[in-house]
Structures are given as C-alpha cells and as structure tokens.
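# A look at the structure
Letter by letter, the chains look like this.
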Amino acid sequence: MNITGRTQIAGVIGDPISHTRSPAMHNAAFAALGLDWVYVPFHVTAEDLKSAIAGFRAAGVRGINATVPHKPALLNMVDSMSDEASFIGAINTLTFEPGGEPDGRVRGDNTDARGFLAAMQDHDIAVPDGERVVVLGAGGAARAVVAALGSVGVSEIVIVNRTESRALDLAARARDRMGVAARGCPLTSDSLEEALPSAAMLVNTTSGGMHGSTPLDVDGRLLAPPLVVYDIVYSPPETDLLRAAAANGCDVLNGLSMLVHQAAIAFECWTGASAPVDVMRDALVASL
Ligand code: ATR
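Residues numbered from 1 in each chain as written. Predicted model: local features only at pLDDT ≥ 70, side-chain atom pairs only at ≥ 80, totals over all residues. Heavy atoms only, no water.

### Observations concerning the overall build of the protein
When you go through the protein residue by residue, the secondary structure sums to ten helices and twelve strands. Oriented by its inertia axes, the alpha-carbon framework of the protein measures out at about 60 × 35 × 35 Å. Among the 288 residues that make up the protein, the fraction classed as buried is 50%. In the protein, of all internal contacts separated by at least 6 residues, the share reaching a separation of at least 24 is 70%. For the protein, the exposed area adds up to about 12,800 Å²; of that, 50% sits on carbon and sulfur atoms. Both charge centroids of the protein, one from 20 positive and one from 32 negative side chains, sit 5 Å from each other. (Helix = DSSP H or I, 4+ residues; strand = E, 2+ residues; numbered from the N terminus. Buried < 20%, exposed > 50% of the residue type's maximum accessible area, 1.4 Å probe, protein only. Contact = heavy atoms within 4.5 Å. Areas by Shrake-Rupley, 256 points an atom, 1.4 Å probe, with all protein chains shown as cover. Lys, Arg positive; Asp, Glu negative; His and termini not counted. Charge placed at Lys NZ, Arg CZ, Asp CG, Glu CD.)

### Looking at the sheet that holds strand E1 (residues 8–14)
Sheet architecture is open: six strands sit in the order E2-E1-E3-E5-E6-E4, paired in mixed fashion. Looking along the sheet, the strands with just one partner apiece sit at the ends: strand E2 (37–43) and strand E4 (80–81). Strand direction decides the pairing type here: E4 and strand E6 (residues 106–109), joined by two bridges, are parallel. Across the sheet, residue Met81 finds its bridge partner in E6, namely Gly108. (Pairing = 2+ DSSP bridges.)

### Comments concerning the packing of helix H4 (residues 112–122) against helix H9 (residues 256–271)
Viewed as axis vectors pointing N to C, H4 and H9 meet at an angle of 120°, and their least axial separation amounts to 7 Å. Accordingly, the angle class assigned to the pair H4 and H9 is oblique. Two packed elements cross with a definite hand, and for H4 against H9 that hand is right-handed. On H9, the residues touching Asp112, Arg114, Gly115, Phe116, Ala118, Ala119 and Asp122 of H4 are Ser257, Met258, His261, Gln262 and Ile265. Within the contact of H4 with H9, the residues separate by chemical class into five nonpolar, four polar and three charged. (Axes fitted to C-alpha atoms, helices over the stretch in contact; angles between N-to-C directions. Parallel < 35°, antiparallel > 145°, perpendicular 65-115°, else oblique. Left-handed = near helix turned anticlockwise from the far one by under 90°. Nonpolar A, V, L, I, M, F, W, Y, C, P; charged D, E, K, R; others polar.)

### With respect to the pairing of strand E9 (residues 182–186)
For strand E8 (residues 156–161) and E9, the ladder comprises five bridges, and the chain directions are parallel. Opposite Asn161, over in E9, you have Pro186 as the bridge partner. Between the parallel elements E8 and E9, the chain passes through helix H6 (residues 164–178) in a crossover that is right-handed. (Right-handed = clockwise from strand over helix to strand, strands pointing away.)

### Regarding H4
Residues of H4 that are buried include every one of Asp112, Ala113, Gly115, Phe116, Ala118, Ala119 and Met120, and no others. Buried residues in H4 make contact with helix H3 (83–88), helix H5 (140–150), strand E10 (199–204), strand E11 (228–231), strand E12 (252–253) and H9. Within two residues after H4, Asp124 carries a phi angle of roughly 55°, on the positive side.

### Here we look at the site of the ligand
Lining the immediate surroundings of the ligand are 15 residues, of which Ala138, Asn161, Arg162, Thr163 and Arg166 lie closest. Between Ala138 and the ligand, the recorded distance is 3.0 Å, taken from a backbone N or O atom to an oxygen atom. Taken by itself the ligand offers 640 Å² of open surface, and the protein chains cover 70% of this. Classifying every residue of the shell around the ligand gives four nonpolar, nine polar and two charged. (Near = heavy atom within 4 Å. Polar contact = N/O pair within 3.5 Å; in protein donor to acceptor, adjacent residues only side chain to side chain.)

### Some remarks on the domain arrangement of the protein
Interface size, as often reported, equals the accessible area lost upon joining of the parts. Looking at the assigned domains, one finds that the protein contains domain 1 (8–110 + 258–287) and domain 2 (113–254). Distance between the C-alpha centres of domain 1 and domain 2: 27 Å. Taken together, the 14 residues of domain 1 in the interface contact 21 residues of domain 2. Between domain 1 and domain 2, roughly 1,500 Å² of surface is buried when both sides are summed, and carbon and sulfur atoms account for 58% of that area. Considering only the side of domain 1, the residues that lose the most area to domain 2 are Phe87, Ile88 and Met258, jointly responsible for 51% of the buried surface there. Inspection of the domain 1/domain 2 interface yields three salt bridges. For Arg114, the salt bridge is made with Asp109, and the minimal N-O distance between the two is 2.9 Å. (Domains from an automatic or database assignment. Buried area = accessible area lost by both parts, 1.4 Å probe. Salt bridge = Lys/Arg side-chain N within 4 Å of Asp/Glu carboxyl O.)

### Notes on the packing of aromatic side chains
Counting across every chain of the model gives five aromatic pairs. A centroid spacing of 6.1 Å and a plane angle of 35° characterise the contact between Tyr39 and Trp270, whose relative ring orientation is tilted. Here Tyr39 is found in strand E2, whereas its partner Trp270 is found in helix H9, with 231 residues between them in sequence. Each member of the pair, Tyr39 together with Trp270, is buried. Ring plane angle 55° and centroid distance 4.9 Å describe the contact between Phe42 and Phe56, whose orientation is recorded as tilted. Here the residue Phe42 occupies a position in strand E2, and Phe56 occupies one in helix H2 (residues 49–59), the gap between them amounting to 14 residues. On the basis of relative accessibility, which here comes to 25%, the residue Phe42 falls in the partly exposed class. Through a chain of ring-to-ring contacts, the aromatic side chains of Phe30, Trp37 and Phe267 assemble into a single cluster. (Phe/Tyr/Trp six-rings, centres within 6.5 Å; stacked < 30°, edge-to-face > 60°.)

And the structure:
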C-alpha cells in the first residue's frame, strides 16, 4: 500500500470495532481497481460520535460505515438521508461530499436492503414478487429485509417474532410507510404452521442460530420446496435452520453474500466505481 498526499480516506466506526471485516473487503477492492484510497477502522464510543463525525467532515474523509451501536444515532447527525435509511431507522453508510468544512455535506444511507436483494440476484434466487414471505425477527436487521421485500412487490410479509409487540409494530410500519400488506404474529409453532406452507420464502433475521446464541425453534418439517430459506446469519455459514432446509431440498442462502453486497454498494456510493464484488468476497472469506 502506497499512501500519498492524495490518498482518500474511508473507514468504519463502531464500539467495539476490532472484529470488523470491512477493511479487508474495501482495501482489497481499492487495490484491485488501482484506486488511491485507504479504509481504516476507528474505535468511536457513543459519547464521541458527534465530534467524530465533525472531525471526519473537517479532515476530508470521504466515506464512513457504521456498525453497533451507532447506526440509529446517526439519523440525527446527517444533512440528508435515503428513504431506506429513514424506514430502517439506521444509517450504515455516510458519504461526505468533497470540500470539507464548512460546506461539506453528509448523506446517510443504509445499504443492507439493497445488499439483501443483490445477494439473491447473485445466487439466482428469484425475487418472490406476488408471493408471501415470512420474516423471522423484528429488529434492525428485519427492518432492512422488510424494506427490501416491500420494494419488490411481494403479496404479503408475515413478520414472526419472539416478542409479538415488535412484530406488530414492524408490520404497521411496513403498511403505513411502504403500502405493503404486512402482519405480525408471535414466534409459535401455530403461527409458523399457518404461514409457511403458502410462503415462497422464509428469511431469518434473528441472531438465533449465530455462534453462541440459542438456536431457533422452527419445525424442520415446515421447510419444504418450493420454499426458499434465506438466513442472513453468516457465522456459522450453515445454521441449523439452513441445514434442515437444505436436507429437505429447499434452495438456501446464508448472509455472507449480503455482507459483501452491502459493502460493495457503499464502495460505489463513495468512489463512483463499479465494485469488484468477487475480490471483496474473497477478501472477506480469507479474513474469517
Ligand atoms: P438486529 O439489529 O440484529 O436485528 P435486534 O434489534 O436486537 O438486533 O433484534 C434481534 C432480533 O432477534 C429480535 O427480533 C429478537 O427477538 P425479540 O424481539 O423477541 O428480542 C430476535 N432474537 C434474538 N435471539 C433469538 C432467539 N434465540 N430466538 C428467537 N428470536 C431471537
């Protein structure tokens, strides 16, 4: 890496940040395209978030990704934001217009919803337009998935969550703000038995199934073709849910490709260049 006086800076903020895989993906992409850019991690606490953003703006940093816990707080710290970021209630990408203080403006975006759809396209999984989709979970990741599905014309989104009130709230948000048919229900065997047989796709957005968390309680017999099962967890690459679905012959997809594509979309926001997705995927896999 050759840092020069013209090197452009991008990075990621979080607390903690040491686990981030984003530098591996973005620096590999800059190198592959011969761009004089560098991507670095910044450990920023919630208390310092506002001054960090002001500092990035003043220093001419071009782009910032945000991870836990900063994504919701950034909604109040940008000059403009995309509709997706507003619906999701979280910003994962900041783009700074060149110019620095006092004129540099900051735009907030959320690339998770487009990353979710791009990963499906990449893996030849058909968009379930005109069909019912079941989403497990009602947190930030679920809002991104609902934003994506609401934009492709599904016939109904059924949001199933351990805490029913959060499922009802997210369904109401989808109906009110996206005009999509959506309903919420509790994570029970009855709800799944009712919703899954007529669904085209099941998406898990919960951390159930991630390394170290309590596995999800979904009856494997409900996972049968033509149901497609998409688990946005990427570690482990094959959750119990995906293993059961694949064993029954369902098409399955894990969250690795979504992670790559949400990064690729941020890269394109900042550089204007077409992201080398395969290079980014290889760098991510090598970093895991
Ligand atoms: P994120 O931003 O990653 O979505 P979150 O907002 O904390 O994180 O949401 C986590 C989601 O995973 C929630 O829907 C949570 O259910 P609750 O709303 O009932 O808390 C869900 N979740 C986490 N662990 C789970 C488990 N073991 N079984 C079922 N749902 C789980």
